[in-house]
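Here is how the chains run, residue by residue.
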Amino acid sequence: MSTKAYYPISEIGAGKPGFSKTRSIIEGAFYCNNVVKVNTLKEAYELAKNSPGTIVTDMPVYRAEEIGLERDAKVLLFNDGAVTGRYAQARRIKGEPGVDAAKLDKVVMDAIYKTRWNTMYHAECYIGLDPEFMAKAHLLIPEGEENLLYNWMLNFQYMSDKYVQMYKDSQPIGGGKEPDIYIFSNPQWEPTESPDVDYSCLSDPLTLCYFDTEQNCAAILGMKYFGEHKKGTLTMAWAMANRNGYASCHGGQKEYLLSDGSKFVASVYGLSGSGKSTLTHAKHNGKYEIKVLHDDAFIINTDTCASVALEPTYFDKTADYPTGCADNQYLLTAQNCSATMDEEGKIQLVTEDIRNGNGRAIKSKLWSPNRVDKIDAPVNAIFWIMKDPTIPPVVKLKGAALASVMGATLATKTSTAERVAAGTDMNALRIVPYANPFRTYPLVNDYEKFKKLVAEKNVDCYIINTGDFMGKKVKPADTLGILESIVEKKATFKKWGPFEDIEIMDWEGFTPDLGDADYVKALQGAMQNRVDAVEGFATKKEGYDKLPDEALDALKKIVNEASSL
């Protein structure tokens, strides 16, 4: 499927698809006479390499020509300043209660006007890597931000001959009613007093990430971190997919080919730092033939249960990849790391989060030799990754309502990938529905999509705890062993105490003691927190994220059963 870029005269005008007020403000900026089109990845590399502040390392880009670069391309490093993570507070979503679109539109109008003295760069790429789903995206960004432009083109699919032809051969998304994605970004923006501009509509006084996802456009102002541009683009692709029958997934997916010829497709959902990338890329000591779809962004067709990756590369933390690590040969660019000279006088990256938390790099698609852009085999299992100390390393959920609402109340801890307010307890549990803080549509849409997979497509659903269980750390070897036993159909689940809809598998050293009053109290509290969260969805933002009563009832049933202990 493809998006719409060109319109017959008869389809242009007020009230027609692709012509909202916000979109008209943003798209118009792309045609100004101070805009320079960047057509190839090679052009973007040269701009980034020569941009002030760029560190050109002596690390070669592995097989550079295969990804659209010159053979002698080097890994580029660029550091953003004090901000090294995403900032959810700056997001404003048109259509949500309390969001003043009229004021925000004027903020964006003024921000675009003030770039008239800048040279602006316009780049294009594809989101979605299969003819089943491909959206064209456009980015407009000022001179001086060439590294963001280059990273954006690397992270998504640049317009190679192969993908240009694939895009031409694909059918329009939504019957031709979905327009191209347009993103205006000015990281150098600062709010300054201007006639008719009221900044009280901002949720943060210095930054703004404003989405009109119904019309596939956004403005990103005052935000230098590349993750805002990556996730901002994905936000609109996920919203588009949601409107067109897909479950939008912030997670990883892989296919196992077992010795008997059968396949098992596992989808894992978790925030950055939860272990989703580790689980997605685990090779299991060669026990299986494995295909990896992606470790961060994909969509599932809720009718066919086939899955499509949205990005070719990987935006990974560098904390666990020390200088000289073999995996670092696949780096394309790095952000928020340091550099030094080796004994030969060559510039090398300094990783391991020595400079700051959440050092990042874009890794080549070649890092995963078993990588695919689409998995046609239907998904077999969903794994909600949580860091809830009251939940054993694995439980299995029965019933579609409970399976989906547990995803909607996914409990985890804040990661270093996120910028949070001073004093935030990084170890406190918080609810992040479906591990996807980038949703711009009502939560019930995701609830119904995942419920359908379980109820109608016979997808199994599990919770995996990758944190600690009542003080005992769940190690990666534990989680991988559990996953292997499920994949091989060797796992034996049994009813867990009084819980009618939760089953447990015995795993050495992690047996819950339902006779321990302290544990039972903690478990009751954790489940009550989920009830409170769902009740909160029904009242916050004027009920924008309200879930069906069946979702709340499924959680209350667990709380009542826990009370019997």
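Above this text sits the structure in question.
Residues numbered from 1 in each chain as written. Predicted model: local features only at pLDDT ≥ 70, side-chain atom pairs only at ≥ 80, totals over all residues. Heavy atoms only, no water.

### A look at the sheet that holds strand β2 (residues 55-60)
Keep this limit in mind: When DSSP locates at least two bridges between a pair of strands, those strands are taken to pair. Counting from the N terminus, the helices are DSSP H or I runs at least four residues long and the strands are E runs at least two residues long. Angles shown run from 0 to 180 degrees and are taken between the N-to-C directions of axes, each axis being a line fitted to C-alpha atoms and, for helices, limited to the stretch in contact. The criterion used for residue contact is that any of the two residues' heavy atoms lie within 4.5 Å.
Ordered by their spatial adjacency, 5 strands build an open sheet running β2-β3-β16-β19-β15, and the pairing between neighbours is mixed. Pairing within the sheet leaves two strands with one partner each, and these edge strands are β2 and β15 (314-317). Across the sheet, the axes of successive neighbouring strands diverge by a mean angle of 25°, strand direction being ignored. As paired strands, β2 and strand β3 (residues 74-78) are joined by 3 bridges and run antiparallel to one another. For P60, the partnering residue across the bridge sits in β3 and is K74. Each of β3, β15, β16 (331-335) and β19 (360-363) is contacted by helix α4 (residues 146-155), which is oriented at about 135° to β16, the strand it contacts most.

### Thoughts on helix α5 (residues 161-169)
Residues that lie three or four places apart on an α-helix share one face, since the helix turns once every 3.6 residues. So the rule is basically this: The classification of residues rests on relative accessible area computed with a 1.4 Å probe and restricted to protein chains. Under 20% of the type maximum is buried, over 50% is exposed, and intermediate values are partly exposed. As used here, the arc belongs to the directions running from the helix axis to the C-beta atoms.
Taken together, the buried positions of α5 are Y163, M166 and Y167. Considered in projection along α5, the buried side chains sweep an arc of 100° and stay on one side of the axis. Exposed side of α5, more than 90 degrees from the buried face: D161, K168 and D169 are the residues found there. Structurally, α5 contributes buried residues whose contacts are with β5 (120-130) and β6 (133-142).

### Section: the sheet that holds β6
Taken in spatial order, the 7 strands make up an open sheet running β1-β5-β6-β7-β9-β8-β4, and their pairing is mixed. Only two strands of the sheet have a single partner each, and these edge strands are β1 (35-37) and β4 (91-93). Here the strands of the sheet are splayed against their neighbours by 20° on average, with no regard to which way each runs. Of the pairings in the sheet, the one linking β6 to strand β7 (residues 181-186) comprises 4 bridges and is parallel in character. Bridging across to β7, A137 finds its partner in I181. Most of the contacts of α5 go to β5, to which it runs at about 70°, and overall it touches β5 and β6.

### Description of the pairing of strand β11 (residues 263-269)
With 6 of its 7 residues buried, β11 lies for the most part within the structure. Relative to β11, strand β10 (residues 246-257) runs antiparallel, the two being bridged by 7 bridges. The partner of K254 across the bridge, within β11, is A266. Here β10 folds back onto β11 in antiparallel fashion, the turn holding 5 residues, of which G261 has a positive phi close to 90°. Bridge count for β11 against strand β21 (residues 381-386) is 4 bridges, and the pairing is parallel. From the neighbouring strand, V268 faces β21, where its bridge partner is F383.

### A short note on unusual backbone geometry
With phi around 65°, D196 is a residue other than glycine that occupies positive phi space. Tracing the chain through its elements places D196 in the loop between β7 and β8 (208-212). In the Ramachandran plot, K489 falls in the positive-phi region, its phi being about 60° despite a non-glycine side chain. Among the structural elements, K489 can be located in the loop between α10 (476-487) and β28 (494-496).

### What to know about the side chain of D180
Rule in force here: Neither His nor the chain ends contribute to the count of charged residues, in which Lys and Arg are positive and Asp and Glu negative. A carboxyl oxygen of Asp or Glu within 4 Å of a side-chain nitrogen of Lys or Arg is what we treat as a salt bridge.
With respect to the element layout, D180 can be found in the loop between α5 and β7. Look at D180: it is buried, it has no salt bridge, and the nearest opposite charge is K136 at 4.4 Å. Each residue touching D180, except ones within four places of it in the same chain, is listed here: T3, K4, A5, R23, K136, H138, Y167 and N216.

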